[in-house]
Amino acid sequence: MSNKEIKEFTRKLEDGLQIAEKRMLEEKALRGEDIIVSSDGKTIERIPAKQLL
């Protein structure tokens, strides 16, 4: 793969991941579910999915 092809593949992959994350949040928000997050790898926090949209 050329450098240009790698950049294009990476861009498409990132776009797809953003779409998947948004769909997941929307589905969880409809069901009233929380998302579990950890920003520092130590502290675990529950956040309502609706709050992240």
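Residues numbered from 1 in each chain as written. Predicted model: local features only at pLDDT ≥ 70, side-chain atom pairs only at ≥ 80, totals over all residues. Heavy atoms only, no water.

With 28 residues, helix α1 (residues 3-30) extends 41 Å from end C-alpha to end C-alpha; this agrees with the ideal 40 Å at 1.5 Å per step. Where α1 ends, the next residue or the one after it, Gly32, has phi of about 70°, a positive value. (Helix = DSSP H or I, 4+ residues; strand = E, 2+ residues; numbered from the N terminus. Expected span 1.5 Å × (residues − 1).)

Looking at the secondary structure, you find Arg46 in strand β2 (residues 45-48). Measuring from C-alpha to C-alpha, the distance between Arg46 and Ile35 comes to 5.6 Å, with 11 residues separating the pair along the chain. With near-sequence residues (within four places) excluded, Arg46 lies in contact with Asp34, Ile35 and Ile36. A distance of 3.4 Å separates polar atoms of two side chains, one belonging to Arg46 and the other to Asp34. (Contact = heavy atoms within 4.5 Å. Polar contact = N/O pair within 3.5 Å; in protein donor to acceptor, adjacent residues only side chain to side chain.)

For the rest of this paragraph, the subject is the pattern of salt bridges. Summed over the entire model, instances satisfying the criterion amount to six salt bridges. As a salt-bridge pair, Glu33 and Lys28 come within 3.1 Å of each other at their nearest N and O atoms. A relative accessible area of 21% means that Lys28 is categorised as partly exposed. Note on Glu33: relative accessible area 28%, which makes it partly exposed. Members of the salt-bridge network, linked through shared partners, are Glu8, Arg11 and Asp15. (Salt bridge = Lys/Arg side-chain N within 4 Å of Asp/Glu carboxyl O. Buried < 20%, exposed > 50% of the residue type's maximum accessible area, 1.4 Å probe, protein only.)

Take Glu8: it is sitting in helix α1. Among the residues examined, Glu8 registers a relative accessible area of 33% and is labelled partly exposed. Within the structure, the side chain of Glu8 is placed 2.6 Å from the side chain of Arg11, a separation counted as a polar contact.

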